Every structure is written in C-alpha cells, then in structure tokens.
Amino acid sequence: MVKPPHIPPPTLFPVSALILAGGRSTRMGKDKALLTHPEEHETTFVAHLVRQLSTLCREVILVARDAEQATEYTTHVSVRIVTDIAPDQGPLMGIYSGLLAIQQPHALVIAVDMPFIQSELITFLLSQPLDEALIIPIVNDNPQVLFAVYPRAVLPIMEASLQTGQRGPRSLLSVVPVRYIKEEQLRQVDPQLRSFVNVNTPEAYKHEL
C-alpha cells in the first residue's frame, strides 16, 4: 500500500487571536455571534471565525460579556472563553480582558461581526514586525481598531485608560506606539476590503445574504 505524501502542518503565527463578542447587539436585535454566516449556511459568525483563526494563530480565545453569555457560547464552539473583567464597559474592556488571558505576547483582535475577514489579510498583518506597537489598518482614513494587532505590553496603559472612563480602543492611539497599515497596502491583499465589512444591523445582514 502506497503511503500518501507527508504534508507538514501549516506554521501557526506566535500570536493569540481574540474574538470580541461581548456587545449587546442592540442594533441587530439578536446576538450577532450566533447569526448564520452568509456564505456558510451551516455555521455561525463565531464558529466561522474560530475555525479560520485556529489555522493561523497558536491560540484562539472568545471574549464574552459575562458568564451567562459564555455558557451559551459553549454549545456552539469548542474554544477557550473568558469574560469581561467588568461587563458593558465597551470594547476597550473586552480587549483588556482578553489580553490578560493570552499566552502569547501579541493578540490579533477581531470583532465577531466581521464575517468576511480574508485569511490572506490576517497573514499579511501577522507578518509585520511584532514589537510593542499596535498594528492598525487604515480604511477610509479611519483606524480599524477592531481588526488589529495588540501587544500585551500595552496592558498597563490600557488599564490606566479604563480607569479614566475610556471605553473605546481609539483612546490608545495617542498614548502608545502605533504602526499604521495604509489602505493601498491592504487592497493589494484584499482588493475589495471585504475583511472590514461590519454586519451589525438587520439591513446590513440582509444585504449580505
């Protein structure tokens, strides 16, 4: 019997992946993480991201709002789930809570309502020099802080920002080192910038079906 050729497993980036799913989904009216994926009708947004990121990152963590939400997610994905240190404090708290839990020095942060992220673009971002700077894509002149790379080293600054009442990751951009990735660079990998499509309203979801 001829043995099949040995195919080595793909190399995983020495990075953790954090999927932020702790929002209330008020505009959608239902949990966005559990929506059926528009292109994979037998899976959910969160299951799609978990499967995709597991092929690229050494660790995948789902950040939920609280224990109740985390328990609900356990029936949909087999992945480590952590909860916000304090619920309903915005995405900055979600990133902070996730960074506290990771085992790698950097984390790729992705919002759960971005179902069309291209693996090639993830690879491009994670191939950048990984140091103490945030890696932030720029689209339409806007920093994409919910599809970006965060070093664990920013935890003390992040904690200080939270203590002053900050809720959004953009508050970090003026106080930590940042490496911005220009839109023209992104389009070389993802020409239509599908990776940055947010599906956070019923209208947006219907449009993608």
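Since this is a predicted model, take the numbers as computed values, not measurements. (Residues numbered from 1 in each chain as written. Predicted model: local features only at pLDDT ≥ 70, side-chain atom pairs only at ≥ 80, totals over all residues. Heavy atoms only, no water.)

J.: Please give an account of the overall build of the protein chain that cites residues and values.
T.: Of the regular secondary structure elements, the protein chain holds seven helices and eight strands. A globule of 209 residues ought to have a C-alpha radius of gyration of about 17 Å, and the protein chain, at 17 Å, matches this closely. By its C-alpha atoms, the protein chain is 65 × 40 × 35 Å across when sized along the principal axes. Sorting the 209 residues of the protein chain into buried and exposed places 51% on the buried side. (Helix = DSSP H or I, 4+ residues; strand = E, 2+ residues; numbered from the N terminus. Rg over C-alpha atoms; globule rule 2.2 N^0.38 Å. Buried < 20%, exposed > 50% of the residue type's maximum accessible area, 1.4 Å probe, protein only.)

J.: How would you summarise the packing of aromatic side chains if you had to cite specific residues and measurements?
T.: If you walk through the whole model with that rule in mind, you get two aromatic pairs. Where Phe-45 meets Tyr-205, the ring centres are 6.1 Å apart and the plane angle is 70°; that geometry is what we call edge-to-face. Remark: Tyr-205 occurs in helix α7 (residues 202-208) and Phe-45 occurs in helix α1 (residues 45-54); sequence separation between them is 160 residues. Note on Phe-45: relative accessible area 0%, which makes it buried. Assessed through its relative accessible area of 15%, Tyr-205 is described here as buried. Above the plane of the ring of Phe-116 lies Arg-194, whose end atom (NZ or CZ) is 4.0 Å from the centre. (Phe/Tyr/Trp six-rings, centres within 6.5 Å; stacked < 30°, edge-to-face > 60°. Lys NZ or Arg CZ within 6 Å of the ring centre and 35° of its normal.)

J.: Residue-level account of the nonpolar core, with values.
T.: In terms of nonpolar packing, the biggest core is built from 38 residues, with Leu-53, Leu-108, Ile-122 and Phe-147 touching the most fellow members. When residues of this core are traced back to their parent elements, those giving at least two are β1 (13-20), α1, β2 (57-64), α2 (67-73), β4 (106-111), α4 (119-126), β5 (134-139) and β7 (147-151). It is α1 that provides the largest number of residues to this core, a total of five residues. When neighbours within four sequence positions are excluded, Ile-122 is seen to be in contact with Gln-52, Leu-53, Leu-56, Leu-108, Ile-110, Ile-117 and Phe-147. Counting 26 residues, the second largest nonpolar core, distinct from the first, contains Leu-92, Ile-102, Ile-136 and Leu-155. (Core = buried A, V, L, I, M, F, W, Y, C linked by side-chain atoms within 4.5 Å. Contact = heavy atoms within 4.5 Å.)

J.: Could you give an account of helix α5 (residues 155-163), naming the residues involved and the relevant values?
T.: Since there are 3.6 residues in each turn of an α-helix, residues three or four apart along the chain are aligned in direction. Inspection of α5 places Leu-155, Met-158, Ser-161 and Leu-162 among the buried residues, and these make up the whole buried set. The buried residues of α5 all sit within an arc of 120° when viewed along its axis, so they share a single face. Residues of α5 that are exposed and angled more than 90 degrees away from the buried face: Pro-156 and Gln-163. Count one or two residues on from α5 and you reach Gly-165, which has phi positive near 95°. (Arc of directions from axis to C-beta.)

J.: So, α4: which residues are in play, and what are the values?
T.: Taken residue by residue, α4 has Leu-121, Ile-122, Leu-125 and Leu-126 as its buried positions. Axial view of α4: buried residues confined to an arc of 130°, hence all on one face.

J.: Outline the confidence of the model for the protein chain, supporting the account with residue identities and numerical values.
T.: Summarising the model, the protein chain shows a mean pLDDT of 93, and 95% of its residues fall at 70 or more. Confidence over residues 1-5 falls short of pLDDT 50; this stretch has zero contacts with residues more than four positions distant or in other chains. (pLDDT = per-residue confidence, 0-100.)

J.: Tell me about the side chain of Ser-97, and name the residues and values.
T.: Structurally, Ser-97 can be placed in helix α3 (residues 91-101). Here the side chain of Ser-97 touches Met-93 through a polar contact of 2.8 Å, landing on its backbone oxygen. Not counting chain neighbours up to four residues away, the residues in contact with Ser-97 comprise Val-82, Thr-83, Asp-84 and Ile-85. (Polar contact = N/O pair within 3.5 Å; in protein donor to acceptor, adjacent residues only side chain to side chain.)

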